[in-house]
Amino acid sequence: MALVLPDGAVREVQGATTAAEVAGAIGPRLLRDALAARVGDRVVDLSRRVGDVAPAPAEGGRCPFAILTVRDPQGLEVYRHTTTHILAQAVRRLWPGTRLAIGPVIEDGFYYDMDVRDAAGNAVRLSAEDLPRIEAVMADVIREDLPVSREVMARADARALFEKDGEDFKVEIVDGLPAGAEVTLYRQGEFYDLCRGPHLPSTGRVRAFRLLSVAGAYWRGDERRPMLQRVYGTAFAGQEELERYLWVQEEAKRRDHRRLGPELGLFQLRDEAPGFPFWLPRGYTLWRILENWSRQLQEPLGYTEVRTPIILRSELWERSGHWGHYRDNMFTMEREGERFAVKPMNCPAHCLLFGSETRSYRDLPVRFAEYGQLARYERSGTLHGLLRVRSLHQDDAHIYCAPEQIGAEMAGIFGLFDRIYGTLGMTYEIRLATRPEDFIGDPEVWRKAEEDLAAAVGAAGRDFALAPGEGAFYGPKLEFHVTDALGRKWQCATAQLDFNFPERFDLSYVGSDGQRHRPVMIHRAIFGSLERFIGVLIEHFGGAFPAWLAPVQALVLPIADRHGPYADRVAAALREAGLRAAVDGGGEKIGRRIVAGRLQKVPYMLIAGDREAEAGTVAVRCRSRGDLGPRPLEQVVEALRAEAASRAPAPEGAAPRTPAQSGTDGG
RNA sequence: GCUGGCGUAGCUCAGUUGGCAGAGCGCCUGCCUUGUAAGCAGGGGGUCGACGGUUCGAGUCCGUCCGCCAGCUCCA
């Protein structure tokens, strides 16, 4: 058969040749680095014979083939997967009564869920202090360089084996495998595990790993089933990559918006109102800047802003379907024998507004924007700073349009997304979330909506991943997952196509043919919720906002008391130009007040002493570049005004400087 | 919501076998009148998350509740 290598070269081999032999034939160095192989689109062990794993039509035909190393994402996955087995093996060596559940690879690492028990069968509670011990045993396993072998078993034999071992979870997994599935076992030394594979050729290939944490996790995610212990870990190609990853984790902790927010005077989270943030003047300044920016971008595009009631009668929610499909997430109340609910979404109210007058095709699209407050009940355990709250304000809009206008509207929405995320220096990935189990409407209509959304993404020249079953109950969603400066992903923006609400609210417009037609509805939010978005921005910028976003853009520091009046004049001149300025005239020495300003991450400090007051200048100190020396006041005001107006990124950029970066490849 | 951990001054945290509630930073006052990463001195500040119990005596032990953190689950 003919293998087509990634560089396009074709290699003729016998079907009985193993992937490892192919690697060896290509080069000894490749064989040394080889972790697994990709044959067709299957990732397989190096020990597999290519003829056994090639896709069926490959008989005599051409089959794509690649040797995977730790540099390939799929190779790294195999590498981490074997590391999970090494983890399980180590835990077993320490606590022989341990029963294993599942140990998958996840983004950036892996975990293994286990019921840890000692030889006598007593449950063992792991803590962070146990991790180094486990790591030491894992290092032993790696040092022993145990060959990893794959065995195909009859389902009944596998079941019997795990039953004999008391591995109840594995038995349950075997029983749940689909009828025709091949049951495979992977062995390394004394350890074996039910596993689909593939795996590294031997345990000695793992170079750098670290166990990160231990936490409880329910078997199969079901709180009625046993709580297992989940050990999280990660593995990288080498020590340097591992260190870099750990550094990013540390940096993420330093940037935690729950710490920075109160520290920078942005918001408070208080016991008095769990999930409902309190916004302080500086945080609310940031909020208003974002909200007004959003308005400013949307008004020219024909959006009209509305405001609808926060509490509405249950009949509305019954009509929209929320009562049946979203009630668990709503705050409800009863008065005079009637049920009410705080709105968790604006769409039903907007539908009432759309339907309140006769609409002509000439009026379409109608675009209602709203920044009003929503409330969603979230279970107490899910609350998390600003990223998961019960009070949220979306930069929401509902577009009512004719079916043939969907493409153009979606293009307009993509334009807004690019404008906003581009300005903030964030990229995004798109996921198409399709029909959930609990849905309203006609499956055929759903299918059409999903197709339309996919087409819209294609028309924008973008790619998407599928998120099956994760759509809203009324329609499929495009989710925009933005990547922040630390490479973490957050779901913020969303665009949803909805044929159901127009139906339920019997919405119509009069077409050019004089007939009534059903409009299509697009739900969309760009920031998502202001709360979450500000939380993400705080972590993205580490609190060091670019000048246009900074709640205080310039802090004026008089050297001595006698410079107070001049400092006030400087601040007044800045405010006159629409800039946000504050004066720190406290009795501390200048060095002390500079430290305070730095801790508040103010972009510019303007120092005013005798020389400056005399010459009408200020000594400019920039957050990233330090002391820039004296500049004429008018020049400083103008430069700062221009910087803010352009929404320029912070001079130092949002990307963190890492120990691994020498400054040449800063992202 | 579930499992585990935690809750002491505005913040970060000490507080021994149950025996007079502490430190650093911040805050206030005074001195200094300040020149680019923390000047000196003094002072105020606590229902030890809430409620109940055990005890001569509870920050400390027990119970219930509330909140926070991690994970599960869920999602903007």
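Treat the numbers as computed from the prediction; the structure is a model and nothing was measured. Counting from 1, residues in each chain are numbered in the order their sequence is written. Chain A is the first chain written and ligand 1 is the first ligand written, with later ones labelled in order. In keeping with the predicted nature of the model, local features appear solely for residues at pLDDT of at least 70, side-chain atom pairs appear and are counted solely at 80 or more, and the whole-chain, interface and lining totals rest on all residues. With hydrogens and water set aside, each side-chain value is computed from the structure's full complement of heavy atoms.

Quick notes on the packing of aromatic side chains
Each aromatic ring pair is summarised here by two numbers: the centre-to-centre distance and the angle between the ring planes.
For step 1, the next point in the chain: Between 30 and 60 degrees the pair is tilted, below 30 it is stacked and above 60 it is edge-to-face, where a pair is any two Phe, Tyr or Trp rings, Trp via its six-membered ring, whose centres lie within 6.5 Å. Summed over the entire model, instances satisfying the criterion amount to 26 aromatic pairs.
For step 2, the next point in the chain: A ring pair is formed by tryptophan 279 and tryptophan 287, whose centres lie 5.1 Å apart and whose planes are at 70 degrees; its orientation type is edge-to-face.
For step 3, the next point in the chain: Take tryptophan 287: its relative accessible area is 3%, and that puts it in the buried class.
For step 4, the next point in the chain: An aromatic cluster of three or more residues is present, and its members are Trp293, Phe414, Phe417, Tyr421, Tyr428, Phe480, Phe527, Phe533 and Trp548.
For step 5, the next point in the chain: For a ring to carry a charge above it, either NZ of a lysine or CZ of an arginine must fall within 6 Å of the ring centroid while also lying within 35 degrees of the normal to the ring plane. Directly above the ring of tyrosine 111 sits arginine 230, whose terminal nitrogen or CZ lies 3.6 Å from the centroid.
For step 6, the next point in the chain: Positioned over the ring face of phenylalanine 354 is arginine 359, at 4.9 Å from the centre of the ring. Type-normalised accessible area, obtained with a 1.4 Å probe on protein chains alone, sets the label of each residue: buried when under 20%, exposed when over 50%, and partly exposed for intermediate values.

A closer look at the confidence of the model for chain A
For step 1, the next point in the chain: Considering every residue of chain A, the mean pLDDT works out to 90; 97% of them sit at 70 or more.
For step 2, the next point in the chain: Known as pLDDT, the predictor's confidence for each residue is given on a scale from 0 to 100. Under the DSSP-based scheme used, a helix requires at least four consecutive residues in state H or I and a strand at least two consecutive residues in state E, with every element numbered from the N terminus. Within chain A, strand β21 (residues 366-370) carries the highest mean pLDDT (97), whereas helix α3 (residues 50-53) carries the lowest (84).
For step 3, the next point in the chain: Every residue in residues 653-667 is under pLDDT 50, and counting partners more than four places away or in other chains gives 21 contacts.
For step 4, the next point in the chain: Both scores are given for the predicted complex: the pTM is 0.90, the ipTM 0.92. The contact rule is simple, with two residues in contact once any of their heavy atoms fall within 4.5 Å.

A look at the environment of asparagine 292
For step 1, the next point in the chain: The residue asparagine 292 is located in helix α10 (residues 281-298) in this model.
For step 2, the next point in the chain: For asparagine 292, a relative accessible area of 40% puts it in the partly exposed group.
For step 3, the next point in the chain: The sequence separation of asparagine 292 and isoleucine 142 amounts to 150 residues, and the corresponding C-alpha distance is 57 Å.

Topic: the pairing of strand β5 (residues 62-68)
For step 1, the next point in the chain: Most of β5 is tucked away, with five of its seven residues classed as buried.
For step 2, the next point in the chain: At least two bridges found by DSSP between two strands are what make those strands a pair. Here strand β3 (residues 36-39) runs beside β5; their pairing, made up of four bridges, is antiparallel. Bridging across to β5, arginine 38 finds its partner in alanine 66.

Considerations on the packing of helix α18 (residues 564-576) against helix α21 (residues 633-645)
For step 1, the next point in the chain: Every axis in this analysis is a line fitted to C-alpha atoms, fitted for helices over the stretch in contact. Angles between the N-to-C directions lie between 0 and 180 degrees. It is at 10 Å that the axes of α18 and α21 come closest, and there the two elements cross at 35 degrees. In the crossing of α18 with α21, the sense of the turn from one axis to the other is right-handed. For the pair α18 and α21, contact is made by Val570, Ala573 and Leu574 and by Leu633, Val637 and Leu640, respectively. We call a crossing left-handed when the near helix sits turned anticlockwise from the far one by less than a right angle, and right-handed when that turn is clockwise.

Quick notes on unusual backbone geometry
Among all residues except glycine, the phi angle is most often negative; among peptide bonds, the trans geometry is most common.
For step 1, the next point in the chain: Residues glycine 197 and proline 198 are joined by a peptide bond in cis, for which omega reads -5 degrees.
For step 2, the next point in the chain: Its location among the elements puts proline 198 in the loop between β11 (191-194) and β12 (208-218).
For step 3, the next point in the chain: Going from leucine 364 to proline 365, the amide bond is cis rather than trans, its omega being -10 degrees.
For step 4, the next point in the chain: The topology assignment puts proline 365 in the loop between β20 (359-360) and β21.
For step 5, the next point in the chain: One non-glycine residue with positive phi stands out, namely arginine 220, at about 60 degrees.
For step 6, the next point in the chain: Exposure remark for arginine 220: the relative accessible area of 49% places this residue in the partly exposed category.

A short note on the side chain of histidine 523
For step 1, the next point in the chain: With respect to the helices and strands, histidine 523 occurs in strand β30 (residues 520-529).
For step 2, the next point in the chain: A polar atom in the side chain of histidine 523 sits 3.1 Å from the side chain of histidine 398.
For step 3, the next point in the chain: Sequence-distant contacts of histidine 523, that is, excluding residues within four places in its chain, are made with Cys347, Ala397, His398, Tyr474, Thr494, Ala495, Gln496, Asp498 and Phe501. Pairing of N or O atoms within 3.5 Å defines a polar contact, subject to two protein rules: one partner must be a possible hydrogen donor and the other a possible acceptor, and residues neighboring in sequence count only if both atoms are side-chain atoms.

A short note on helix α6 (residues 155-164)
Each α-helix turn comprises 3.6 residues. Residues three or four places apart therefore point the same way.
For step 1, the next point in the chain: Taken residue by residue, α6 has Ala158, Leu161 and Phe162 as its buried positions. What you see down the axis of α6 is that its buried residues fit within an arc of 90 degrees, all on one side. Of the exposed residues in α6, those oriented more than 90 degrees away from the buried face are Ala156 and Lys164.
For step 2, the next point in the chain: The inward-facing, buried residues of α6 contact β9 (148-153), α7 (168-176), β10 (183-188) and β11.
For step 3, the next point in the chain: Just beyond α6, the residue with positive phi is glycine 166, at close to 75 degrees. Taking the helix axis as origin, the arc is that swept by the directions to the C-beta atoms.

Some words on the protein's contact with RNA strand B
For step 1, the next point in the chain: Near, as used in this document, describes a residue that has one of its heavy atoms within 4 Å of the molecule or strand being considered. Around RNA strand B sit 52 residues in total, of which Tyr218, Asp271, Arg592, Arg598 and Glu612 are the nearest.
For step 2, the next point in the chain: For RNA strand B, the backbone portion of the atoms within 4 Å of the protein, that is sugar and phosphate, comes to 53%.
For step 3, the next point in the chain: At a separation of 3.2 Å, a phosphate oxygen of RNA strand B approaches a polar side-chain atom of arginine 230.
For step 4, the next point in the chain: Between RNA strand B and tyrosine 232 there is a distance of 2.9 Å, counted from a sugar or linking oxygen to a side-chain nitrogen or oxygen.
For step 5, the next point in the chain: A per-element tally of the surface near RNA strand B places helix α19 (residues 590-599) first, with seven residues.
For step 6, the next point in the chain: Side-chain classes follow a simple rule in which Ala, Val, Leu, Ile, Met, Phe, Trp, Tyr, Cys and Pro form the nonpolar group, Asp, Glu, Lys and Arg form the charged group, and the remainder, Gly included, forms the polar group. By residue class, the composition of the surface near RNA strand B is 17 nonpolar, 13 polar and 22 charged.

Some thoughts on the environment of valine 174
For step 1, the next point in the chain: On the secondary structure map, valine 174 appears in helix α7.
For step 2, the next point in the chain: Between the C-alpha atom of valine 174 and that of valine 620, which follows or precedes it by 446 residues, the distance is 69 Å.
For step 3, the next point in the chain: Non-local contacts of valine 174, meaning those with residues more than four positions away in its chain, are made with Arg155, Arg159, Phe162 and Leu194.

Some details on the packing of helix α4 (residues 73-94) against helix α5 (residues 131-144)
For step 1, the next point in the chain: At a minimum axis separation of 8 Å, α4 and α5 run at an interaxial angle of 115 degrees. Between α4 and α5, the crossing angle belongs to the class labelled roughly perpendicular. The element α4 and its partner α5 pack so that their crossing is right-handed. Contacts between α4 and α5 involve Thr83, Ile86, Leu87, Gln89, Ala90, Val91, Arg93 and Leu94 from the former and Arg133, Ile134, Val137, Met138, Asp140, Val141, Ile142 and Glu144 from the latter.
For step 2, the next point in the chain: By residue class, the composition of the contact of α4 with α5 is ten nonpolar, two polar and four charged. In this scheme, roughly parallel covers angles under 35 degrees and roughly antiparallel covers those over 145, while 65 to 115 is roughly perpendicular and the rest are oblique.

Looking at the sheet that holds β11
For step 1, the next point in the chain: With respect to topology, three strands assemble into an open sheet ordered β9-β10-β11, the strand pairing being antiparallel. Each edge of the sheet is formed by a strand with only one pairing partner; in this case those strands are β9 and β11. For this sheet the average axis-to-axis angle between neighbouring strands, irrespective of direction, equals 25 degrees.
For step 2, the next point in the chain: As defined by bridge partners, β9 adjoins β10 across six bridges and the pair is classed as antiparallel. Bridged to methionine 153 within β10 is valine 183.

Overview of α21
For step 1, the next point in the chain: Here, expected helix span is obtained from the residue count minus one, scaled by 1.5 Å. Taking 1.5 Å as the rise per residue, α21 with 13 residues should run 18 Å; its terminal C-alpha atoms sit 18 Å apart, in good agreement.
For step 2, the next point in the chain: Turning to α21, its buried residues number three or more, namely Leu633, Val636, Val637, Leu640, Glu643 and Ala644. Taken down its axis, α21 places every buried residue within 135 degrees of arc, on the same side. Along α21, the residues that are exposed and aim more than 90 degrees away from the buried face are Glu634 and Ala645.
For step 3, the next point in the chain: On its buried face, α21 is in contact with β31 (554-558), α18, β33 (604-608), β34 (617-622) and β35 (626-632).
For step 4, the next point in the chain: Within two residues after α21, arginine 647 carries a phi angle of roughly 55 degrees, on the positive side.

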